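# Examining the three-dimensional arrangement
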Amino acid sequence: MKSRGKIIAVFFAITSCLYVTAQKADSVLEALSTEPPLEKVYIHYDKEYYVAGETIWFKAYLYSAGLPSSRSNNFYLQLISPEGKIISSKKYPVKGAAVNGNIELPDSIPQGDYHIRALTPEMLNTNQDLFYSKNIFVFNPADKTGNSFSAPKSPSLAVRFFPESGNLVGEILSVIAFKATDSLGRPVGISGVIKTEDGTTITSFKTSHNGMGKVQFRPQAGKKYIATVEINGQTTFWPLPEVASSGINLRTENEKGGKMFLLSRSKKDKDNYNKLLLVAEMDNTIVYENEINFENYFSVKGHLLTDSLPSGILHFTVFDKERKPLAERLTFVNNGEYESNAGIETIKSGTAPKEENIFEINFPDAAQRSCSVAVTDAETSPVITRENIITKFLLTDDLKGNIYDPAWYFQDKNDSTRQIALDNLMLIHGWSRFAREKVFAGEIPGKRYKDNYLVTVTGNIRDGKTNSPVSGGNLIVYLDAEDSVNQHFEVEVDASGKFVIDSLLFFGKATLNYAYKSAQGKERPVNISLDQQPTDVAVEVLPYPAGEAGNNGANNNLAFDEELIYKRYRTSASSITKTKELEPVVVDVKSNKRPIDIVNEKYTSGVFTGLGKRNIDNINEPNNDKSISVYDYIRNFVKQVEVEDNNFVNRKNFSISGTMTPTQEKEKQARVDAITNSPYAVNGGKEVDKIMNENAPGKKFIVATFLNESPTDISFLKTIRMDEVALLKFYDPGFVGAGSGGPGGALSIYTKKDVSVSAGIEKLDHVDYYGFSLSKEFYSPDYSQPGQKQAQEDARTTLYWNPEVYTDAQSKTIRLRFYNNDFSKRLKIIVEGFDASGRLIHVEKIIGN
C-alpha cells in the first residue's frame, strides 16, 4: 500500500471557512491499520462454459496490498452443486503466488449453474463474504430435467433504491441510486416517476447504464415515497427507503486529482452530530482520518488528493463520538498504475483444419511475470471477457452482489461517461467489509487457523497390545505417494505418544508404512491414529445454502442460448484427448527357467541383462527385515562393498598409486596435530617425520550405483526400503556398464513395477493419508509430426491452455505455438497474469475472420 493521501486542509462551511484540526487515530484505528491487507483470489479459466465430461482448466492468482501475495502456502477449491452440495474438493500448494489445476466434470453431471468457491487459510480468518466465488454453467443435453440455461420469456422486474451514504435524512438534499434487474440478475432499462404517498410528483428518473441510474431530491421526514415504473405495458410500484428525521449525509464527487466530500447534518438533534470522525481506508488500510467539528454549521466540505494512492475502492466512513458508524460512501480511485501493457502479435495465423498458429506476447519492459494463456473457439465465447484479473482485484472483490460486465468500466479510464457510471456503481454496491461496531469495540478478527507449510501429518501412537500411549522412541515412516514420491523419515515421539511430520510435498493418496522403536531401541507393534488438520476440516464443513450464489457468484456472460451450446456440445466430445484402455492380458508361459531368470528378464535390458557376481532376488526370496533401507541393506549384507566418503567402494580392489583418500589424509593430519599440540611429546619432530613418510595405503575403487539402470546418488537409496526392491545385482570390476565412473564394479538396483508380492509375506503396518490434489497435463497435439494430421477428428473447443508462462528480468517477449481443430474459423486468445511489482495483465485478441 502506498503512503497516505495528501490532504487539502481547507474545510469550509457553506458560507465561511472552518479550521479543522487533524487528530491522531484512536488506538483501535491504529490496531486496525496494523492488520495485514486482505488477500484476494482471481481464477483464470480456459473458457466460460462447460459440457458434461469436459475438464475445467484453471490458474488462480493471489494478490494482497497491490502485490502478488506471499502470505499463503495452501489453496482450497470446491465445486458446489446447484443444491449446495460439495461435489469436488481440491487442495493445492501455492507456488509464486499462483496455483494451477483442473476439475474433471463427470459425463453424468446434471445440467445447471455450478458454483466454484476458493479460499486460503488466511481467508478463513476473516469471513465467508471474502471467499472467491463464481458460478459456471455446465450443459448436459442428455439431462432432460436439468436447470435451463435460457432466460424466461417474460422475466420479472426488481427495482431497488440506494440512498447515498446509506440513509435518507429529512431536509438534506440527497442522491439516490437505483438498479433494475430481471429474475436472472440481468440489467433492465427503465424510466419512471417518484411520488409521495398522496400522489404528488417529486421528480422523474431513468436508467443511464446497465439498468442503473441516480436521482436527486430533498426528502421530508414523515413522508413516504413510491417509484412508479411502466414496463411491457404494465405499471409497477416500488417503495423507497423510509426517511429518518435526523442523521448524517455523506456525499462525494470526483474532481481533478482527488475527491470532494460533503458532510451534512440534520437540523433536528444537530447537537448529536456536532463532532464526528471521518475515516477513509483502502484494502483494509487506513489512509486518512480526521475529527470533524461542525460548530454552528450544518455542512462541512473537504478535499482529499488521491494521486498518490494506489488504484482501487476508497471507503469513507463517518463515526459519531461513541465511534458508532453513521454513514458510508464508496468511491473509486483510478490512477492507472496497476496495468501492465501487453500486446499479442500474430506470427502465423491458421484457421484451416489442424493448421499451425504462432503468436507472440510482447511487453514494453523486462520484468518477472507469471501468466496463463487460453485459446478457444471464438464462436462460442463473447468477444470481450466481462470479468478479468483487473476487475476482480480492483473492483468486484470489494463489492457485494453481482456486478454485471465489470470490464466495461475499465475499457477507457478517460471516458467521463464510464467514470460517472462507475461512481454510480459505488453507490449501489456499497458494502462494509467489517462490522464497524465490532471493530470499534476492539473485536478485531483473530487468527484462528494456521497455514502450515506444505503437508503436515500429525497423530498419536498407542501400544498394539495394551492400547496405552507410548512414550518417547522413534517412528520410522516410509511414504509411498500416488505421484511416485517415495520418502523415508525417522521422527521423534513425545512423552504422550504424539508425533509431527511437516513440510511434506506429495500429491494424491499416500501410504505411510511404519514401524516403531522404543527409547531402548526395541521394535514394538503399535497402532497409529492420524489427526485431521483443523484448516482442512474447517474448509470441508463450510456452509453453503442452496440457491445462494455468494459474493459475485452470478454468471456474468448470459449471452448464449441452448441452441448455440448444443452446437458446441456436438463438437466438444473430442476423442483425440481421450485414452483407450485395453483389456488386461494375462500371459501364461511354461518354462524351465529359474525364478531369478524370470525376474531378471522382466526388469533388465541391454548390458544389464547379464547376471552379476552376486544376485539378490527380492521377489521370490524377500528380505525379512521390514524397515531396512536399500542403503543399509547393501552396507550390511553385500560383503563385496563398503561405504567410504559417501561412496560405495570395493573392499578388495586397491590402487597401486599409494594415493590416500580424503578421509585417510584427515586421519594422518590428526595424528600429526596430536603430537604437535601435546606438551608431553618426546622427540616430537622425529615422530612427525615418521608419520609424514609413511607409505599411504591403497586407494579403494568406487563402485558405480544404478537405480533402474540410471546412475543414482547412494544417499537417495536411504529413502527406498527393501520391500520396494525386486532385484539387486553386484558386478565385479570391468563391467562395461559401469564405464570409467565405476572402476570398482557396479551395483544395479531395480524397484518393483507390477509384480505382486505373495500374500503370505509379512508387510509393514500402514495408514493412508491424502496430500495435495493431483493435476493432469493439458493435451495439445503437434500436427507437424508425420501422420498426425490423419488422426481421428479433432473437435477440441479449448485449443491451447498454458498456465505456466513466465518472463524474467531479461525477457520481454514470449512465443507460443498451437494447432487448430477441425472446425474453428475464429480463435480467441486471452492472456492474464501479474508481474513482481503487482501490475496486472489482461489482453485478448481474435484471430481469423
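Now for a look at the structure at hand. Bear in mind the structure is a predicted one, so any value in this text is a computation, not a measurement. (Residues numbered from 1 in each chain as written. Predicted model: local features only at pLDDT ≥ 70, side-chain atom pairs only at ≥ 80, totals over all residues. Heavy atoms only, no water.)

Strand β49 (residues 826-835) sits mainly inside the fold: 9 of its 10 residues count as buried. Sheet topology places strand β30 (residues 369-377) next to β49; 9 bridges connect them, and they run antiparallel. Of the residues in β49, the one forming a bridge with Val 373 is Val 831. With 9 bridges connecting them, β49 and strand β50 (residues 840-848) associate as antiparallel partners. Pairing of Ile 829 across the sheet is with Lys 845, part of β50. Where β49 folds back on β50, the antiparallel hairpin that results is connected by 4 residues, among which Gly 838 adopts a positive phi of roughly 95°. (Buried < 20%, exposed > 50% of the residue type's maximum accessible area, 1.4 Å probe, protein only. Helix = DSSP H or I, 4+ residues; strand = E, 2+ residues; numbered from the N terminus. Pairing = 2+ DSSP bridges.)

Quick look at the sheet that holds strand β34 (residues 498-504) now. Judged by pairing direction, the sheet is antiparallel, and its 3 strands sit side by side in the order β34-β31-β37 without closing on themselves. For this open sheet the edge positions go to β34 and β37 (526-530), each flanked by a neighbour on one side alone. Between one strand and the next, the sheet's axes are offset by a mean angle of 30°, whatever the strand orientation. (Axes fitted to C-alpha atoms, helices over the stretch in contact; angles between N-to-C directions.)

This part takes up the packing of aromatic side chains. By the definition in use, this model includes 21 aromatic pairs. Arranged with centres 6.3 Å apart and planes meeting at 85°, the rings of Tyr 338 and Phe 410 form a pair that is edge-to-face. Of this pair, Tyr 338 sits in the loop between β27 (325-333) and β28 (343-348) while Phe 410 sits in the loop between α3 (389-394) and α4 (416-428), and the two are 72 residues apart along the sequence. Centre to centre, the rings of Phe 608 and Phe 706 are 5.2 Å apart; their planes meet at 70°, and the pair counts as edge-to-face. Of this pair, Phe 608 sits in the loop between α8 (595-603) and β38 (614-617) while Phe 706 sits in strand β42 (residues 704-707), placing them 98 residues apart in sequence. There is no split in this pair, since Phe 608 and Phe 706 are both buried. Pairwise contacts between aromatic rings join Tyr 42, Tyr 61, Tyr 63, Phe 393 and Phe 834 into one cluster. Residue placement shows Arg 265 over the ring face of Phe 298; its charged tip is 5.4 Å from the ring centre. (Phe/Tyr/Trp six-rings, centres within 6.5 Å; stacked < 30°, edge-to-face > 60°. Lys NZ or Arg CZ within 6 Å of the ring centre and 35° of its normal.)

Here we come to the sheet that holds strand β44 (residues 725-731). Taking strand neighbours across the sheet as the criterion, the 5 strands line up as β38-β44-β45-β42-β43 in an open arrangement whose pairing is mixed. Bordering the open sheet on either side are β38 and β43 (710-711), each of which pairs with just one other strand. With 4 bridges connecting them, β38 and β44 associate as antiparallel partners. When the sheet's bridge partners are listed, Arg 614 is paired in β44 with Phe 730. Of the strands in this sheet, β38, β44 and β45 (746-751) touch α8, which is tilted by about 95° from β44. (Contact = heavy atoms within 4.5 Å.)

Before going further, it helps to spend a moment on the pattern of salt bridges. One pass over the full model with this rule turns up 31 salt bridges. We note a salt bridge from Glu 122 to Arg 71, for which the minimum N-O separation is 2.5 Å. Taken as a pair, Glu 122 in helix α2 (residues 121-124) and Arg 71 in the loop between β6 (67-68) and β7 (74-80) lie far apart in primary sequence, 51 residues in all. Look at Glu 122 and you get buried, because its relative accessible area is 16%. Measuring nitrogen to oxygen at the nearest pair gives 3.4 Å for the salt bridge that ties Asp 271 to Lys 270. (Salt bridge = Lys/Arg side-chain N within 4 Å of Asp/Glu carboxyl O.)

Okay, the nonpolar core next. Counting 32 residues, the largest nonpolar core has Ile 43, Tyr 45 and Phe 75 as its most contacted members. Counting residues per element, the ones that place at least two in this core are β3 (39-45), β5 (55-64), β7, β9 (98-104), β10 (112-119), α2, β11 (132-139) and α6 (534-540). Of all hydrophobic cores here, the second largest spans 30 residues; its members include Tyr 63, Leu 330, Ile 403 and Ile 428. (Core = buried A, V, L, I, M, F, W, Y, C linked by side-chain atoms within 4.5 Å.)

Our focus in this paragraph is the side chain of Ser 372. Structurally, Ser 372 can be placed in strand β30. Classification of Ser 372 by relative accessible area gives buried; the value is 0%. Polar side-chain contacts of Ser 372 include one of 2.7 Å to the side chain of His 44. Reaching out from Ser 372, the side chain makes a polar contact with the side chain of Tyr 61 at a distance of 2.7 Å. Among residues more than four places away in sequence, those in contact with Ser 372 are His 44, Lys 59, Tyr 61, Trp 801, Asn 802, Pro 803, Ile 830, Val 831 and Glu 832. (Polar contact = N/O pair within 3.5 Å; in protein donor to acceptor, adjacent residues only side chain to side chain.)

Another aspect to go through is the environment of Met 212. Within the secondary structure layout, Met 212 lies in strand β17 (residues 212-217). Taking the C-alpha atoms as reference points, Met 212 and Phe 161, separated by 51 residues in sequence, lie 9.9 Å from one another. Not counting residues within four places of it along the chain, the set of residues in contact with Met 212 comprises Phe 178, Lys 179, Thr 207, Tyr 409, Asn 424, Leu 425 and Ile 428.

Without other data, these values stay purely geometric and don't point to any function.
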